[in-house]
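Coordinate analysis (summary)
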Amino acid sequence: MLVAVLIVILVLAFFRASITSWVLAMMVIVPVVAIQSRISDTALQAVYLALFLFIVLFGIPVLRRNVVSGTVLKIFRKILPQISATEQEAIDAGTVWWDGDLFSGHPDWNKLLAFPKCGLSAAEQAFLDNEVEQLCAMLDDWDITHKRADLPPEVWQFMKTKGFFGMIIPKRYGGLELSAQAHSAVVSKVASRSGTAAVTVMVPNSLGPAELLLHYGTDEQKEKYLHRLACGLEVPCFALTGPFAGSDAGAIPDCGEVCYGEFAGQRVLGIRLTWEKRYITLAPVATLLGLAFKLYDPERLLGGETDRGITLALIPTDLPGVQIGRRHFPLNSAFLNGPTQGKEVFVPMDCIIGGISRIGQGWRMLMECLAAGRSISLPASSIGGMKLAARTSGAYSRVRKQFKMPIGKFEGVEEPLARIGAYTYMIDAARQFTALAVDLGEKPSVISAIVKYHATERGRTVINDAMDVHGGKGICLGPENYLGRGYELAPVTITVEGANILTRSMIIFGQGAIRSHPYVLKEIAAAHDRNHQRALHQFDEALFGHISFALGNAARSLVFALSNGRGIPAPPGGETRRYYQQLTRFSASFALSADVAMAVLGGSLKRREKISARLGDVLSMLYLCSAALKRFEDDGRPAEDLPLLHWAMQDALYQAQQAFDGVIRNFPNAPARWMLSALTFPLGLRLSPPADYLGHQIATLMMQPGAARDRLTAGIYLPKVHDKTRHALSPHLNPLPPAGEEANESLREFYVYDEQDAVGALEAALASTLACEPLQAELEKARKVGQLRSLEELPRIAEARDLGIITAEQALLLERDYALRRKVIMVDDFAPEELRAGH
Ligand SMILES: Cc1cc2nc3c(=O)[nH]c(=O)nc-3n(C[C@H](O)[C@H](O)[C@H](O)COP(=O)(O)OP(=O)(O)OC[C@H]3O[C@@H](n4cnc5c(N)ncnc54)[C@H](O)[C@@H]3O)c2cc1C
């Protein structure tokens, strides 16, 4: 009987039965159980009375609303944490997308797979193949970072005239109007060549005033500035951060006072501004400064309040009182970044972005634009570096030999190679999936925080791993080093657009719990509603929806954990089906844990950053896994990519499990801890990290040319030269770039990797190493039997040729192979005076 009752309850909870269904079920279950239990008459009467009260209170809507929901609403209003206006604006900003499904405990995988495939239009692809390719070919990062500490003038000019500063500006204003997907692809390709150039392109297309103007600008402002921004006649920057307001940017002390003043020879109503900002990218050369400040109207010249809140304005930097020009020196990068101050700078009211009606809305405007910008810039620049690290680390591991073996064949080196490959695969999937959200019109605030955090964290891990794989080659800076500057730049990506510790600890789950949860926002809205009857109706609906949701998640979490996800409906597909099932299981457990954390910890959850961070980690892993599965399907399920997918998925699911475990072990309330543990891991922690054999498969695919390696690193810049003669003479020496990479297929045959360039030489060396292996084996055989006596490699090749062991052409091949390997292995050295400061 007890088992039957438990099963009925479990089924009702599992299918998220409505409150009416629960009442009806109790009307049957309670009397049957009571009678079967043969309890005394008095006890029976008490049970019936309790049942009667339950039916009346929960079964009659008007009573339920006024008594049950009304009482809970009163308590809820008391415990609702105080949220500042700035925090509220941040919570309200942006939209909910796939994060809503992950919070639902029941993601709709068919919906995920039905999202359009990520891709570029023909015109966008042509821009990447031509203008972006040309820009990359112009970039010499050593010259930029070490010699000039700036981009060369011709690069600035090229960027401006070819529209790199106006990628997000519509064509009617002279911009390129690229999709988010294409914008991301451009930044990522440029970042694979030069971090300095990538940041310079990123800023005007991210928070730079263009995005703000497009969304909130008045028609006059759009007409006045967008044309000029699109073609680089104005160089923009956006200044929010100051010495006393970093992560807590809402606390900016910079202020503007409404007053009358002189402007262009006329007395007009305007704002007198004073600010001190720092870390502002492009500020040293900006002609148009986007400024965030607090507006005050002490004389009530605008009518209404004196304290008007955070407001955004566009300040021409040639106005009296504006100071710009000095530079910071961000970890040896040469992008222009510096402080700016303004002292009593007077601007007319029409400098406010969006005009007077947008006064006080600055924080929300920033948060909304950040949701889009953060979805693109840093994920794109990080993945550019990650792909370069993956491509070069794989090739270097094959070309570089120690102990007579390519270093990548040692198990110790396989380990970082596997991490580099799988992280790159997964983050690229997340980058594209998130750009797709922006193209679909979303402003995914929670997702943008997830992808920014994990792209930059994994980017840092990957560059660290790549440095280890390269040994001293990564450490000695100079033109032959393609990794060092990326390594230096990694902390910059971690810090900007929401520093990572804060993003993980406060934003991902903190904002997601309210924003992406299906009921919490509705409950909060009802609690703030001053119309009592409407509030009661809304709260009642949300509360009972929430209760059924939570019970459902508890039941599903337990059942799915017991079956280890088996039996959960999932899209077909042999290799991936189990992942969908495990994700659904974790989504249910995540939704349950989120509810328990909010119910038990209430407002104090805000201060429990370690719990919040770990819950954010679970949500993040669910998101990254969704993106990887979608990528695998969109790519046409290539079998060669399976090791990358398996490793990435198994690692992320394992990390999600460990994060859950961390939440449970550290949960400050014992009964809740036991309950969470029983419902989430009734059989213990059963997932393990990816197996070694997967790592071996990944290392192998990264160390040889092939479709999987090309897909993994697609879209980065690979230096090539236009050289028909060389190619025609020795086609086997230097393989063609992968098909489809050139805009014009007929031109493909004229391109070969540029062997003067460090990355080009490495690509050529990889192909050459593989091609020459049989010849090297011949030489080794001859050496062992004493036929060849020369100790050094080049004389030995000549000796082999003279003895007829190899042909003259084979000798040429081996000599070239030696030269390429030597170029790859060698690092730069300098005369002492060349490195002297100020040289
Ligand atoms: C190279 C560079 C370029 C930049 N470009 C621009 C720009 O163009 N425009 C602009 O306005 N700004 C820009 N910034 C500013 C950047 O956004 C800030 O640096 C960032 O917001 C962090 O502020 P902070 O450096 O003062 O660090 P702080 O706020 O002092 O933070 C220090 C550490 O404490 C952590 N922390 C802070 N609060 C919390 C919390 N509640 N919980 C957990 N951890 C917390 C942070 O995560 C961080 O790790 C740039 C910065 C750099 C370095």
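Everything that follows concerns the structure shown earlier in this document.
The numbering scheme is per chain: residues are counted from 1 as the chain's sequence reads. Local features in this predicted model are restricted to residues whose pLDDT is 70 or higher, and side-chain atom pairs enter the listing and the counts only when it is 80 or higher, whereas totals over whole chains, interfaces and linings include all residues. Computation of side-chain values: all heavy atoms of the structure, hydrogens and water removed.

**Quick word on the overall build of the protein**
When helices and strands are counted, the protein shows 33 helices and 11 strands. In terms of C-alpha radius of gyration, the protein reaches 31 Å, essentially the compact-globule figure of 28 Å for 839 residues. Summarising its shape, the C-alpha atoms of the protein cover approximately 110 × 80 × 45 Å along the three principal directions. A 1.4 Å probe rolled over the protein chains alone gives each residue an accessible area, and that area as a share of the maximum for its type sets the label: buried under 20%, exposed over 50%, partly exposed in between. For the protein, the proportion of its 839 residues judged to be buried stands at 55%. Considering only intrachain contacts with a sequence separation of at least 6, the fraction spanning at least 24 residues in the protein is 75%. Accessibility throughout is a Shrake-Rupley quantity obtained with a 1.4 Å probe, and a residue counts as covered only by protein chains that appear here. Summed over all atoms, the accessible surface of the protein reaches about 35,400 Å², with 57% contributed by carbon and sulfur. Strands here are runs of E lasting at least two residues and helices are runs of H or I lasting at least four, both read from the DSSP assignment and numbered beginning at the N terminus. Only C-alpha atoms enter the radius of gyration, while the globule expectation follows 2.2 Å times N to the 0.38, with N the number of residues. Whether two residues are in contact is decided by their heavy atoms, any of which lying within 4.5 Å being enough.

**Concerning the environment of Arg 631**
Position of Arg 631 relative to the elements: it lies in helix 24 (residues 609-634). On the accessibility criterion, Arg 631 (9% relative accessible area) is buried. Sequence separation between Arg 631 and Tyr 425 is 206 residues, and the spatial gap between their C-alpha atoms is 9.1 Å. With sequence-adjacent residues up to four places away left out, Arg 631 is seen in contact with Tyr 425, Asp 428, Ala 429, Arg 711 and Leu 712.

**Considerations on a nonpolar patch on the surface**
In this scheme, patches are assembled from residues that exceed 30% relative accessible area and form no salt bridge. Like charges are connected within 9 Å, while nonpolar side chains (Val, Leu, Ile, Met, Phe, Trp, Tyr) are connected within 5 Å. What makes a salt bridge here is a side-chain nitrogen of Lys or Arg within 4 Å of a carboxyl oxygen of Asp or Glu, nothing more. Residues Met 1, Leu 24, Met 27, Val 28 and Val 32 make up a contiguous nonpolar surface patch of roughly 460 Å² in combined accessible area. Note that Val 32 resides in helix 2 (residues 19-36).

**Focus on the site of the ligand**
Each residue is tested against the molecule or strand, and it is near if at least one of its non-hydrogen atoms lies within 4 Å. Among the 20 residues in the neighbourhood of the ligand, the closest are listed as Phe 238, Leu 240, Thr 241, Ser 247 and Tyr 279. Pairs of N or O atoms within 3.5 Å make up the polar contacts considered here, provided that, within protein, one atom can donate a hydrogen while the other can accept it, and that residues adjacent in sequence are counted only when both atoms are side-chain atoms. One of the side-chain N or O atoms of Thr 241 is found 2.7 Å from a nitrogen atom in the ligand. If the ligand stood free it would expose 970 Å²; the protein chains cover 69% of that surface. Polar here means any residue outside two lists: the nonpolar Ala, Val, Leu, Ile, Met, Phe, Trp, Tyr, Cys and Pro, and the charged Asp, Glu, Lys and Arg; Gly therefore counts as polar. Of the residues belonging to the shell around the ligand, the class tally is 12 nonpolar, 6 polar and 2 charged.

**A closer look at the side chain of Lys 630**
One can find Lys 630 in helix 24. Owing to a relative accessible area of 2%, Lys 630 belongs among the buried residues under this scheme. The contacts of Lys 630, once residues within four sequence positions are left out, are Leu 112, Leu 113, Phe 115, Pro 116, Lys 117, Phe 433 and Leu 436.

**Some remarks on the nonpolar core**
The nonpolar side chains of a soluble globular protein tend to be buried, and buried together. Among the nonpolar cores identified, the biggest contains 132 residues, and Trp 97, Trp 98, Phe 433, Phe 590, Tyr 623, Met 649 and Phe 667 are the most heavily contacted of them. If you tally residues by element for this core, the top one is helix 16 (residues 411-439), at 14 residues. Here Phe 667 is in contact with Val 596, Ala 597, Val 600, Leu 601, Ile 611, Ala 672, Arg 673 and Leu 676, once residues within four sequence places are set aside. Residues grouped as a nonpolar core are buried Ala, Val, Leu, Ile, Met, Phe, Trp, Tyr and Cys residues, joined through side-chain atoms within 4.5 Å. Formed by 61 residues, the second largest nonpolar core is a distinct cluster that contains Leu 128, Ile 271, Leu 273 and Ile 315.

**Here we look at helix 27 (residues 692-702)**
All buried positions along helix 27 are accounted for by Leu 694, Gly 695, Ile 698, Ala 699, Leu 701 and Met 702. The arc enclosing the buried residues of helix 27, seen along the axis, measures out at 165°, which places them on a common side. When the buried face of helix 27 is taken as reference, the exposed residues oriented beyond 90 degrees from it are Asp 692 and Tyr 693. In the core, the buried residues of helix 27 are packed alongside helix 15 (362-399), helix 16, helix 25 (642-665) and helix 28 (707-712). This arc describes the spread of directions from the helix axis toward the C-beta atoms.

**Notes on unusual backbone geometry**
Across residues other than glycine, the phi torsion is negative in most instances, and most of the peptide bonds are trans. Notably, Asn 564 is not glycine yet its phi reads approximately 55°, a positive angle. Looking at where Asn 564 falls in the secondary structure, it is placed in the loop between helix 22 (532-563) and helix 23 (577-601). Although it is not a glycine, Arg 637 adopts a positive phi angle of roughly 50°. Position of Arg 637 relative to the elements: it lies in the loop between helix 24 and helix 25. Here Arg 637 falls in the partly exposed class, since its relative accessible area comes to 27%.

**Some thoughts on the packing of aromatic side chains**
Each pair of aromatic rings is reported with the distance of its centres and the angle of its planes. Only centres within 6.5 Å qualify two rings of Phe, Tyr or Trp (six-membered ring in Trp) as a pair; their planes then separate them into stacked at under 30 degrees, edge-to-face at over 60, and tilted for everything else. Per the stated rule, a full pass over the model turns up 24 aromatic pairs. Ring geometry for Trp 97 versus Phe 433: centroids 4.7 Å apart, planes at 45°, classification tilted. Taken together, the residues Trp 97 in the loop between helix 5 (85-92) and helix 6 (98-103) and Phe 433 in helix 16 connect sequence positions 336 residues apart. Through a chain of ring-to-ring contacts, three or more aromatic side chains come together here, namely Trp 97, Trp 98, Trp 109, Phe 115, Phe 433, Tyr 580 and Tyr 623. Above the ring of Phe 544, the side-chain terminus of Arg 64 is found at 5.1 Å from the ring centroid. Either the NZ atom of lysine or the CZ atom of arginine qualifies as a charge over a ring when it sits within 6 Å of the ring centre and within 35 degrees of the ring normal. Residue placement shows Arg 458 over the ring face of Tyr 423; its charged tip is 4.1 Å from the ring centre.

**As for the side chain of Asp 465**
For Asp 465, the position within the fold is in helix 17 (residues 445-470). Excluding residues that lie within four positions of it along the chain, Asp 465 makes contacts with Pro 416, Arg 419 and Ile 420.

**Observations concerning the state of the cysteines**
In protein chemistry, a disulfide is the covalent bond that joins the sulfur atoms of two cysteines. Disulfide: a pair of cysteine sulfur atoms within 2.5 Å of each other. According to the stated counting rule, one finds 0 disulfides in the structure shown. The thiol of Cys 625 is unpaired, and the distance to the nearest cysteine sulfur, on Cys 118, comes to 16 Å. Owing to a relative accessible area of 0%, Cys 625 belongs among the buried residues under this scheme.

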